[in-house]
Amino acid sequence: MFVWNVDDLKADQVRAIEQPGSVFLTACPGSGKTRTLTYKIARELSLLTSDKQRVVAITYTHRAADEIQERIERLGVDTSQLWIGTIHSFCLEWILRPYAIYHPELKHGFRVINAHDTERALELLCSQHGGLRTFDCGHYFTSTGYVISCPDWKQARVDALLQQYWADLRANRQVDFEMILAYAYQLVRDVPSISILLGSIFATVLVDEYQDTKEIQYAILGAILKASKGKAKAFIVGDPNQAIYGSLGGYAIAPAEFSALSGVAFKEMDLSVNYRSSDRIVTYFENFNQLTSRISAGGKYKTFPSLISYDYSTNRDALVAEVVRLIRYNIE
């Protein structure tokens, strides 16, 4: 079993990592979330009993996936049975590519287009639908359909444009990032054997930044966990107060809701000590919490006399420029 040096982790991090079964972990800023996730993955890899099993970790970005994998390898843990990446990469590698033959729109092959291709296609269609711009075309899929993000008075026109966009993609056997999720969900919904097989392979499924996960992503992972019939564990980590993608469909699911969706019984835990900031900064941060949570400063900078200043002169129209100036100033 993977073991670590006694001073590698704090007591609350150790409790979350060593907790048997599935865990729903709320981690405040500066609480060592990434370190906890890294050591949890390393521990779960060391507990595998078959070379056919896999530990799966879903991260929000490729960069986060690379960083975590590098950290695990530096701990001396074999990562040959770890799959780590974004939800889109997961759906492509584990669902769409192996099982495309079971979907009528994918069975003859498909090509994934990137964000630039999508924007260019939407720009062309917008030029044919006067008065619409590409940012009007924001949308995301759910398990029951799709949501258009623009104001209500534009939605009928945007819907018509999107129908044409999707028809063009189908005609060219192309798939964009949003459709990756839609097709993956349709496959696990309509072909139960996919979820059953994946549920038998995955020993542990870990999700980072759950607060920015979409409903359809919860549905995909929930179907796989449910099909495992309790054999697969889950480790879900994030912070509802750090959600930034609500307009794109991301939201912090309640533990009870995801438990009902996945059939997994979760132990709710938290990392509530910020080891990075001073007590004054942590106390000030609490003014901006969306949800009530207890956070305390506990690191070596706890008593640092941080200065909180207020800008009474910058107009909101100049806010972006001022933030850029401050970032450049601190970098330089």
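Calculation notes
- Residues numbered from 1 in each chain as written.
- Predicted model: local features only at pLDDT ≥ 70, side-chain atom pairs only at ≥ 80, totals over all residues.
- Heavy atoms only, no water.
- Buried < 20%, exposed > 50% of the residue type's maximum accessible area, 1.4 Å probe, protein only.
- Helix = DSSP H or I, 4+ residues; strand = E, 2+ residues; numbered from the N terminus.
- Pairing = 2+ DSSP bridges.
- Phe/Tyr/Trp six-rings, centres within 6.5 Å; stacked < 30°, edge-to-face > 60°.
- Contact = heavy atoms within 4.5 Å.
- Right-handed = clockwise from strand over helix to strand, strands pointing away.
- Axes fitted to C-alpha atoms, helices over the stretch in contact; angles between N-to-C directions.
- Parallel < 35°, antiparallel > 145°, perpendicular 65-115°, else oblique.
- Left-handed = near helix turned anticlockwise from the far one by under 90°.
- Nonpolar A, V, L, I, M, F, W, Y, C, P; charged D, E, K, R; others polar.
- Core = buried A, V, L, I, M, F, W, Y, C linked by side-chain atoms within 4.5 Å.

Student: How should I be thinking about the pairing of strand S5 (residues 139–142) in this particular structure?
Tutor: Note on strand geometry: in a regular strand, side chains alternate between the two faces of the sheet. Burial along S5 is two-sided: His139 and Phe141 facing one way and Tyr140 and Thr142 facing the other are all buried. Here S5 pairs with strand S6 (residues 145–148) via 4 bridges, running antiparallel. Note on S6: the bridge partner recorded for phenylalanine 141 is tyrosine 146. A loop of 2 residues connects S5 with S6, the two strands running antiparallel in sequence.

Student: Where do I start with the packing of aromatic side chains in this structure?
Tutor: The description of two aromatic rings rests on the distance between their centres and on the angle between their planes. Per the counting criterion, the structure on display carries 18 aromatic pairs. With a centroid separation of 5.8 Å and 50 degrees between ring planes, the pair formed by phenylalanine 2 and tyrosine 39 is classed as tilted. With phenylalanine 2 in the segment before helix H1 (11–18) and tyrosine 39 in helix H2 (residues 33–46), the pair connects residues that are 37 residues apart, well separated along the chain. Just as phenylalanine 2 is buried, tyrosine 39 falls in that class too. Centre to centre, the rings of tyrosine 146 and tryptophan 166 are 4.9 Å apart; their planes meet at 75 degrees, and the pair counts as edge-to-face. Of the two residues, tyrosine 146 sits in strand S6 while tryptophan 166 sits in helix H6 (residues 152–171), which places them 20 residues apart along the sequence.

Student: Would you take a moment to explain the side chain of glutamine 217 for this structure?
Tutor: Note that glutamine 217 resides in helix H9 (residues 215–227). Judged by relative accessible area, which is 8%, glutamine 217 ranks as buried. In contact with glutamine 217, not counting residues within four places along its chain, are Ile87 and Leu181.

Student: Before we go on, may I ask you to explain unusual backbone geometry in this structure?
Tutor: At arginine 173, a position not held by glycine, the phi torsion is positive, near 55 degrees. Note that arginine 173 resides in the loop between H6 and strand S7 (174–175). Unlike most non-glycine residues, lysine 229 shows phi in positive territory, near 55 degrees. Along the chain, the position of lysine 229 falls in the loop between H9 and strand S9 (233–238). In this structure lysine 229 comes out as exposed when scored by relative accessible area, which is 74%.

Student: Would you explain the pairing of strand S2 (residues 54–58) in this entry?
Tutor: S2 sits mainly inside the fold: 4 of its 5 residues count as buried. Sheet topology note: the S2/strand S8 (residues 202–207) ladder contains 5 bridges and is parallel. Opposite arginine 54, over in S8, you have phenylalanine 202 as the bridge partner. Summarising the sheet, S2 and strand S3 (residues 82–85) pair through 4 bridges and their orientation is parallel. Bridging from a neighbouring strand, alanine 57 pairs with isoleucine 84 of S3. Of the crossover connections in this fold, the one passing from S2 over helix H3 (residues 62–74) to the parallel S3 is right-handed.

Student: Got a minute to help me understand the packing of H2 against H3 in this structure?
Tutor: When two helices pack together, their arrangement is captured by the angle between the axes and the distance separating the axes. Between H2 and H3, the least distance of the axes is 10 Å, while the angle of their chain directions is 55 degrees. Looking at the two axes, H2 sits oblique to H3. The two elements H2 and H3 cross, and the hand of that crossing is right-handed. Of H3, the residues touching H2 (which contributes Thr34, Arg35, Leu37, Thr38, Ile41, Ala42 and Leu45) are Glu67, Ile68, Arg71 and Ile72. Classifying every residue of the contact of H2 with H3 by side-chain character gives 6 nonpolar, 2 polar and 3 charged.

Student: So what exactly am I meant to see when it comes to the side chain of asparagine 241 here?
Tutor: Structurally, asparagine 241 is set in the loop between S9 and helix H10 (255–262). Not counting residues within four places of it along the chain, the set of residues in contact with asparagine 241 comprises Asn289, Gln290, Leu291 and Ser293.

Student: How should I be thinking about the nonpolar core in this particular structure?
Tutor: If you look at soluble globular proteins, the nonpolar side chains tend to sit buried side by side. By size, the foremost hydrophobic cluster in this structure holds 60 residues, and its most contacted members are Phe90, Ile95, Leu96 and Leu162. Ranked by the residues each element gives to this core, the list is headed by helix H7 (residues 177–190), at 9 residues. Not counting residues within four places of it along the chain, the set of residues in contact with isoleucine 95 comprises Phe90, Ala100, Ala184, Leu187, Val188, Leu198 and Ile220. Leu25, Ala57, Ile84 and Met269 belong to the second largest nonpolar core, which has 29 residues in total.

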